[in-house]
Amino acid sequence: MGKQHSWAYGWVRYLVVILSIIISSSSSSSSSTRRRREKDPDYKDALSKSIIFFECQRSGKLPSNQTIRWRSDSGLSHGSPEHVDLVGGYYDAGDNIKFGLPMKFTTTMLAWSVLEFFGRKKMMMMHEEERLMALTSHKLSMFRVGDPAADHKCWVRPEDMEMEAATPSTVYKVTPSDPGSDVAAETAAAHAASSLLFKDPAGSDHYSSRLFILPTVIGPNTAILPFFTPLSVLSTALTLDELQCAAAWLYRATKNSSYLQHAISTAVEDECDTFSWDNKLPGTRILLSQYSFGADGGDKSTARFNEEAKRYICSVLPNLQSTTVQYTAGGLMFKMNATNLQYVTASTFLFTVYAKYLKTSKQTFSCGSKVITPSLLRRHAKRQINYILGDNPKGMSYMVGYGEKYPQRIHHRGSSLPSLQQKSEPFGCGDAFQSYYYTSEPNPNILIRAVVGGPNHEDEFYDDRDNYAQSETATYINAPLVGSLASLASTSGS
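Residues numbered from 1 in each chain as written. Predicted model: local features only at pLDDT ≥ 70, side-chain atom pairs only at ≥ 80, totals over all residues. Heavy atoms only, no water.

Turning our eyes to something else, we now look at the overall build of the chain. Along the backbone of the chain there are 18 helices and seven strands. Here the chain, with 494 residues, has 61% of them falling under the buried criterion. At a minimum sequence separation of 6, the contacts of the chain that also span at least 24 residues come to 76%. (Helix = DSSP H or I, 4+ residues; strand = E, 2+ residues; numbered from the N terminus. Buried < 20%, exposed > 50% of the residue type's maximum accessible area, 1.4 Å probe, protein only. Contact = heavy atoms within 4.5 Å.)

Structure follows, in structure tokens:
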């Protein structure tokens with residue numbers, strides 16, 4: 001069977017390796033530097049173990065250096081119905097599905113984190129060009145493996161999926177006749193961002209550019225709306241945010257001005273206070289804003305993105321006349337009931353990045369009468385991170401395994417069921433609901449440093465496996481957190 005991986009997921013494994021090496025090889029701090037203020041969490045510990053979480057999500061043949069031992073090989077026949085090899089990659093959340101759009105966002109965020117906060121680390125990958133030829137094709141792009149409706153009716157381990165006819169590994173793909181500009185463009189963005197970390201970016205950029213052909217040819221509004229897309233995304237300009245994001249990253253990777261012009265031409269006149277896997281506008285605006293800084297005022301054509309970035313900041317910061325985002329009494333940014341912490345970690349990352357841009361250029365700006373400085377943005381980001389790590393009304397860390405009190409009943413199939421080492425017989429589709437899913441027993445396997453959906457608008461959290469809106473984890477919650485934790489760890493003495 002030919003190897004025609006069309007996933008950006010291969011990048012995630014490389015990025016996780018890079019991040020692990022950088023963190024583990026960082027030099028020891030002096031005794032005075034190690035002495036953190038008592039109220040500060042251990043950001044470096046949270047950072048290093050948040051990388052390990054991605055091991056819990058792996059699909060395919062697990063590598064020999066896998067540290068999460070309760071996971072085993074899974075999905076070894078993925079892609080076979082389409083005669084392509086889609087073995088590998090990552091399950092994005094607590095289900096057994098490989099969703100393309102959220103995972104490509106995850107890839108982009110991990111790459112951006114390394115670029116901004118870990119230094120420009122490059123690695124030479126053997127036969128990388130050959131790998132990328134297999135990863136991308138402008139005629140074919142797989143964007144999902146698994147049937148959400150069928151999967152959500154079963155509660156089985158990833159390792160049991162292929163023993164269950166009720167959880168088919170259906171392949172969904174993008175082609176010119178079945179288009180999906182959003183997922184194709186986000187794949188281009190992920191490849192372009194990741195290519196900056198490797199020693200041979202020319203080949204990587206080439207294949208990102210090839211993939212970018214698909215969304216530009218088939219038009220800007222032919223979106224693949226994922227199974228769990230919230231209705232709010234329908235009010236956005238559909239795929240224009242992904243098209244602009246792809247163009248922005250291709251410009252950063254290649255410095256080809258045609259990509260910048262494409263980003264400008266696809267700009268959306270939309271005041272947006274939400275950044276996530278299904279709305280890239282604020283992130284793209286902040287990414288492009290960096291080019292407007294400079295001794296001579298930078299690139300004048302990107303000034304609009306900087307102004308939009310400032311308005312985004314002003315809409316999210318609390319207690320301003322321009323604030324459009326709700327905050328809980330405990331100080332947490334609150335956007336939606338379902339998986340709210342994804343919006344918190346994503347916005348916190350943008351605040352941290354923009355603070356860096358402001359500090360480097362020695363600039364400030366104003367939200368009304370309020371002067372916005374780099375340190376103010378960092379304080380806001382730190383407050384949100386500290387809330388996640390336990391500085392909140394319930395005194396609970398929402399990062400699993402961090403601190404003394406954290407969620408125990410995670411909405412996650414592999415974590416909630418005995419591993420193959422504990423129970424070799426496969427679970428049937430409905431076997432585990434009564435015996436494991438609906439019980440009050442803690443998950444037998446610790447989903448190390450996964451961040452859950454988080455508390456509600458009243459700072460309340462119900463530690464219940466069936467409460468997926470609060471207790472489910474996802475790669476797109478953890479990925480933006482990596483950069484913010486790295487920045488805090490570098491400046492807090494941890």
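Further notes follow.
Next up on the list: the side chain of D95. Inspection of the secondary structure assignment puts D95 in the loop between helix 3 (43-56) and strand 1 (98-99). Within the buried core, D95 has no salt-bridge partner, and the shortest N-O distance to an opposite charge, that of R413, equals 5.5 Å. Ignoring any residue separated from it by four or fewer positions in sequence, one finds D95 in contact with D151, H152, R413 and E472. (Lys, Arg positive; Asp, Glu negative; His and termini not counted. Salt bridge = Lys/Arg side-chain N within 4 Å of Asp/Glu carboxyl O.)

To continue, consider helix 11 (residues 281-289). Counted residue by residue, helix 11 has nine buried out of nine residues, so it is predominantly covered. Of all the residues in helix 11, the buried ones are L281, P282, G283, T284, R285, I286, L287, L288 and S289. Those residues of helix 11 hidden inside the fold are in contact with helix 4 (100-117), helix 9 (240-254), helix 10 (257-265), helix 12 (303-316) and helix 13 (341-361).

With 115 residues, the main nonpolar core has W112, W249, I286, I313, Y354, L377 and L485 as its most contacted residues. Per-element tally for this core: the top contributor is helix 13, with twelve residues. In this structure, L377 is in contact with I313, L317, F351, Y354, A355, L358 and I372, ignoring residues within four places of it in sequence. Grouped together as the second largest cluster of nonpolar side chains are seven residues, W155, F427, A432 and F433 included. (Core = buried A, V, L, I, M, F, W, Y, C linked by side-chain atoms within 4.5 Å.)

Moving on to the state of the cysteines. Tallying each qualifying case throughout the model produces two disulfides. With a sulfur-sulfur separation of 1.8 Å, C154 is cross-linked through a disulfide to C429. Disulfide C154 to C429: torsion about the S-S bond roughly -90°, handedness left-handed. Taken as a pair, C154 in the loop between helix 6 (148-151) and strand 3 (171-174) and C429 in the loop between helix 15 (413-416) and helix 16 (432-437) lie far apart in primary sequence, 275 residues in all. What makes C154 buried here is its relative accessible area of 1%. Its relative accessible area of 18% is what places C429 among the buried residues. Shown here is the disulfide that connects C314 with C367, its sulfur atoms set 1.9 Å apart. Because the torsion about its S-S bond is -85°, the bridge between C314 and C367 counts as left-handed. Of this pair, C314 sits in helix 12 while C367 sits in strand 6 (residues 365-367), and the two are 53 residues apart along the sequence. (Disulfide = S-S within 2.5 Å.)

To describe a pair of aromatic rings, you give the distance between the ring centres and the angle between the ring planes. The full count for this structure, using the stated rule, is 18 aromatic pairs. Between Y398 and F461, the aromatic rings sit 5.2 Å apart at their centres with planes inclined by 65°, giving edge-to-face as the arrangement. With a gap of 63 residues between them, Y398 in the loop between helix 14 (374-388) and helix 15 and F461 in the loop between helix 16 and helix 17 (468-471) connect regions that are remote in the sequence. The class of Y398 is buried, set by a relative accessible area of 0%. On the basis of an interplanar angle of 75° and a centroid distance of 5.4 Å, the ring pair of F433 and Y437 is categorised as edge-to-face. Within this pair, F433 and its partner Y437 are both found in helix 16, separated by four residues, close to a single helical turn. Residue classification places F433 among the buried positions, given a relative accessible area of 17%. Among the residues examined, Y437 registers a relative accessible area of 5% and is labelled buried. When the ring centre of F117 is taken as origin, the NZ or CZ atom of K356, which lies over that ring, is 5.8 Å away. (Phe/Tyr/Trp six-rings, centres within 6.5 Å; stacked < 30°, edge-to-face > 60°. Lys NZ or Arg CZ within 6 Å of the ring centre and 35° of its normal.)

Packed helix pairs are characterised by how far apart their axes lie and by the angle those axes make with each other. One can describe the packing of helix 3 onto helix 18 (residues 475-492) by two numbers: an axis separation of 8 Å at closest approach and a directional angle of 155°. Relative to helix 18, helix 3 is oriented roughly antiparallel. At the point where helix 3 passes helix 18, the crossing takes the left-handed sense. Each of Y43, K44, A46, L47, S50, I51, F53 and F54 in helix 3 lies in contact with helix 18, whose residues at this interface are T475, N478, A479, V482, L485, A486, L488, A489 and S492. A breakdown of the residues in the contact of helix 3 with helix 18 according to their chemical character gives twelve nonpolar, four polar and one charged. (Axes fitted to C-alpha atoms, helices over the stretch in contact; angles between N-to-C directions. Parallel < 35°, antiparallel > 145°, perpendicular 65-115°, else oblique. Left-handed = near helix turned anticlockwise from the far one by under 90°. Nonpolar A, V, L, I, M, F, W, Y, C, P; charged D, E, K, R; others polar.)

Among the structural elements, K61 can be located in the loop between helix 3 and strand 1. A sequence separation of 14 residues divides K61 from G75, and the C-alpha atoms of the two residues are 8.2 Å apart.

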